Amino acid sequence: MATTHHHTCTLCEATCGITVSVDGGRVTAIRGDELDPLSRGFLCPKGVALADVHHDPDRLRRPIVRSGDDWFETSWDAAFELVAAGLTETRREHGKDALAVYQGNPTAHNLGLLLFGQPFFRSLGTRNRYSATSLDQLPHMLAALEMFGNQLLMPVPDVDRTDLFVCFGGNPAVSAGSIMTAPDIRARLRAVRKVVVVDPRRTETARLADEHLFIRPGTDALLLLSLINVVFAERRECTGRLTSRLVGFDIMREVASGFAPEVTAPVTGVDPGRVRALAREIAGTPRAVVYGRVGVCTQEFGGLATWLVVVLNALTGHLDEPGGAMFTTPAVDVLPLSSLTGQRGGFGRYHSRVRRLPEFDGELPVSTLADEIETPGRGQVRALITVAGNPVLSSPNGRRLDTALAGLDFMVSIDPYLNETTRHADVILPPTVHLERSHYELGLANYAVRNTARYSPPVVERASDQRHDWEIVLQLASRVLGGGALARTLGGFGPEPLLSLGLLAGPHGLRKLHKGLSLGSLKRRPHGVDLGPLERRLPARLATRGKKINLVPKIYLDDVPRLRALLDRPVRDGLVLIGRRQVRSNNSWMHNSERLVKGKDRCTLLVHPDDADERGLADGDLAVLSSAVGTIEVPVEITDTVMRGVVSLPHGWGHDRKGTRLRVAERHPGVSVNDVTDERLVDELTGAAVLSGIPVSLAAPSY
Ligand SMILES: Nc1nc2c(c(=O)[nH]1)N[C@H]1C(S)=C(S)[C@@H](COP(=O)(O)OP(=O)(O)OC[C@H]3O[C@@H](n4cnc5c(=O)[nH]c(N)nc54)[C@H](O)[C@@H]3O)O[C@H]1N2
Ligand SMILES: Nc1nc2c(c(=O)[nH]1)N[C@H]1C(S)=C(S)[C@@H](COP(=O)(O)OP(=O)(O)OC[C@H]3O[C@@H](n4cnc5c(=O)[nH]c(N)nc54)[C@H](O)[C@@H]3O)O[C@H]1N2
Ligand code: SF4
Ligand SMILES: [Mo]
């Protein structure tokens, strides 16, 4: 019998509502849910491909154990025994730090992992916790911690009510928006009076914008300081309601004073006249917002640039104002809890053993994971848990990590696929996937452009011998840390009771009396509930002492001299590498869906026509791309959409490694950009990886 179900696509941050048709156990159709208050029927091709993940014959459904190059299915109990033995032995013989953890991107989209995974991994007490954060939003979280007092307090552009949207280093038209949950962002941006994009590539977002400024990779902090310089020099600052809350005004003026647009232009490549005009426009538009994303935070000065975006919004009256950078009112508010449990964040409280890189929120930068595995001594990593991550493809110098993983004493992966990373595991524990589990948007509701709430029960019943992610981590917790009774109790209930409590305690819960949200009321409204546009939340929501916002935290001021030195550094005449995302690709793991990978090869290197000419390269040629750490061969796509001196390659490809079980992806392997990105390049302030602006050389093959 055919049935229809409502669920949420949890592949990216847009969190689109979906309507799923099921017939005789087969998912027959996935459409956008017209009645979802946030996504209003929008769906991208990846959402449809959830059906492919669900039915993928390569997807693991039972634990597998490695013996040499072979894998054997085993029972859950036997697998848990093996894993517990491996992990416990490492901890007993070499101490807690010898066991490392890597948590990958899908963790953030997974209710069970957020509720049960986080506490478990923290409880392991190891300094060697790693995650995709240090390849991604770490600088945004750091700015939130330093300026608003809690790492989760990242502002969101109020895109639906703004008149001027200035986008630095983000390509929402393709990525669907990040730290900005805004499904169908193309339509939302089209409705904005003016959109300006600052990017080394004329992106899909730039194409629908009114203005595009090319910028040399890694120089955004200079441009942002110039914008701030103009705001001060022309006395255009306007801090409105928050004036009495802002601290460090004069110091900020002083810092920016040496960075007039004419001073920074030779390095950024942005015309000073256009910088002045943009500064005036930002300051002069009552509803305007400056937004910075991945291109801005994963670069040499990512910490500074991300901080300066917040400063610019604050100085021009666009912080916590409609149409500006605002804060959400999520139905389950994890903020008070994170403050109570001491998890508002922390930075630099200790440093990594080998390279002395700073801790952030109890995690170390993944750029140094290989060092910690390879370097002998007390605290050396000897065992690893990966969960929902594929760092062999997603972290810089993935080849080196690939080799390092092979040398571990023990490794377990919680992952539905045997892929480039998990092939090194001794045991793979495969969880249920999207349509087999319930969902509530615990994480990204904090960063949505509108407050909504939606609960989705599973679409398809899992088989009795499948396990949810949260059941897997609870089992591991009880077997490795003890406390089996507690784990069994929690395991008897699952995420729903916690969610239920969270909803009742939240701002739209009991306080609203009979109209309040509860899990029951959400279950009765399967398309979700609209809770209205973003509202002013400051100063109440600030978690800082005296509810002040320090515009000039010391860590940033201390890093300014490093930026100033960039002004004197000779501009290299070689090429630098940046990344790009693609609508039919999702980081490293959706390439096993035929409908997403079919068609022409998308893993191509974009090269400016003049740069191609200089090297005798024609469109479609294979070329050799080299960096300080590696060399790959990649087809060239000649286009003037990248600026001269910049080449662009997407990440997440490189599925030609031996021993994976990804039959479709293996036929469309592409190459891994992270075979040339350099793990030694980190933003010295934050420790976040530099994935943009990597020095490279390009040549025709010599054979
Ligand atoms: N289809 C699809 N959607 C995705 C993903 C995916 O893989 N595929 N991944 C998801 C994830 S994990 C994330 S974090 C988000 C990221 O969301 P976005 O930040 O929107 O991601 P990107 O498309 O990588 O955009 C980064 C932009 O920065 C530009 N850039 C590079 N270097 C610089 C620089 O130095 N300065 C400036 N100003 N710009 C620079 C790049 O050219 C690129 O256009 O996307 C999410 N959405
Ligand atoms: N050069 C370069 N490198 C980059 C980036 C870039 O722009 N350029 N972007 C970076 C960014 S922003 C990010 S977020 C990272 C992402 O990189 P990672 O954190 O490594 O995550 P993914 O590549 O998305 O891999 C996800 C893994 O989780 C598994 N998985 C999927 N769903 C589930 C689930 O529900 N449960 C479990 N247990 N497993 C699941 C998949 O099979 C896959 O193995 O890549 C980073 N790497
Ligand atoms: S934009 Fe696409 S991948 Fe992202 S949530 Fe919506 S349907 Fe899923
Ligand atoms: Mo990400």
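Look a little higher up for the structure.
Residues numbered from 1 in each chain as written. Chains lettered and ligands numbered in written order. Predicted model: local features only at pLDDT ≥ 70, side-chain atom pairs only at ≥ 80, totals over all residues. Heavy atoms only, no water.

### Regarding the packing of helix α9 (residues 220-233) against helix α12 (residues 272-284)
Then step 1. Relative to each other, α9 and α12 sit at 60 degrees, their axes nearing to 9 Å. The element α9 and its partner α12 pack so that their crossing is right-handed. Note on element contacts: α12 touches α9 through Val275, Arg276, Leu278 and Ala279, opposite Leu223, Ser226, Leu227, Val230 and Val231.
Then step 2. Here the contact of α9 with α12 is composed, by residue class, of 7 nonpolar, 1 polar and 1 charged. (Axes fitted to C-alpha atoms, helices over the stretch in contact; angles between N-to-C directions. Helix = DSSP H or I, 4+ residues; strand = E, 2+ residues; numbered from the N terminus. Left-handed = near helix turned anticlockwise from the far one by under 90°. Contact = heavy atoms within 4.5 Å. Nonpolar A, V, L, I, M, F, W, Y, C, P; charged D, E, K, R; others polar.)

### A word on the nonpolar core
Then step 1. Core analysis: the biggest nonpolar cluster contains 90 residues, and Phe148, Phe165 and Met252 have the highest contact counts within it.
Then step 2. If you look at the next biggest cluster of nonpolar residues, it comprises 29 residues, including Val65, Ile385, Ile414 and Trp470. (Core = buried A, V, L, I, M, F, W, Y, C linked by side-chain atoms within 4.5 Å. Buried < 20%, exposed > 50% of the residue type's maximum accessible area, 1.4 Å probe, protein only.)

### Looking at the sheet that holds strand β3 (residues 26-32)
Then step 1. Taken in spatial order, the 3 strands of this open sheet run β1-β2-β3, and their pairing is antiparallel. Only two strands of the sheet have a single neighbouring strand rather than two, namely β1 (2-8) and β3. Averaged over all adjacent pairs, the angle separating strand axes in this sheet is 25 degrees, with direction ignored.
Then step 2. In this sheet, β3 lies alongside strand β2 (residues 17-23) in antiparallel orientation, the contact comprising 6 bridges. Among the inter-strand pairings, aspartate 23 is bridged to a residue of β3, identified as arginine 26. (Pairing = 2+ DSSP bridges.)

### Notes on the site of ligand 3
Then step 1. Near ligand 3 you find Cys9, Leu11, Cys12, Ala14, Thr15, Cys16, Phe42, Leu43, Cys44, Lys46, Gly47 and Ala176, and these make up its full shell.
Then step 2. A class-by-class count of the residues in the shell around ligand 3 yields 9 nonpolar, 2 polar and 1 charged. (Near = heavy atom within 4 Å.)

### Overview of the environment of valine 682
Then step 1. Here valine 682 lies in the loop between α26 (663-667) and β30 (694-699).
Then step 2. Along the primary structure valine 682 and phenylalanine 301 are separated by 381 residues, whereas in three dimensions their C-alpha atoms are 9.0 Å apart.

### Description of the site of ligand 1
Then step 1. Around ligand 1 lies a shell of 30 residues, among which Ser175, Asp199, Asp220, Ser585 and Ser692 are the nearest.
Then step 2. Contact distances for ligand 1 include 3.1 Å between an oxygen atom and a backbone N or O atom of valine 294.
Then step 3. Burial of ligand 1 by the surrounding chains reaches 97%, relative to a free accessible area of 920 Å².
Then step 4. Going through the elements one at a time, α6 (172-175) and α13 (294-297) are the ones with two or more residues in the shell around ligand 1.
Then step 5. It is α6 that contributes the most residues to the shell around ligand 1, 3 residues altogether. (Polar contact = N/O pair within 3.5 Å; in protein donor to acceptor, adjacent residues only side chain to side chain. Areas by Shrake-Rupley, 256 points an atom, 1.4 Å probe, with all protein chains shown as cover.)

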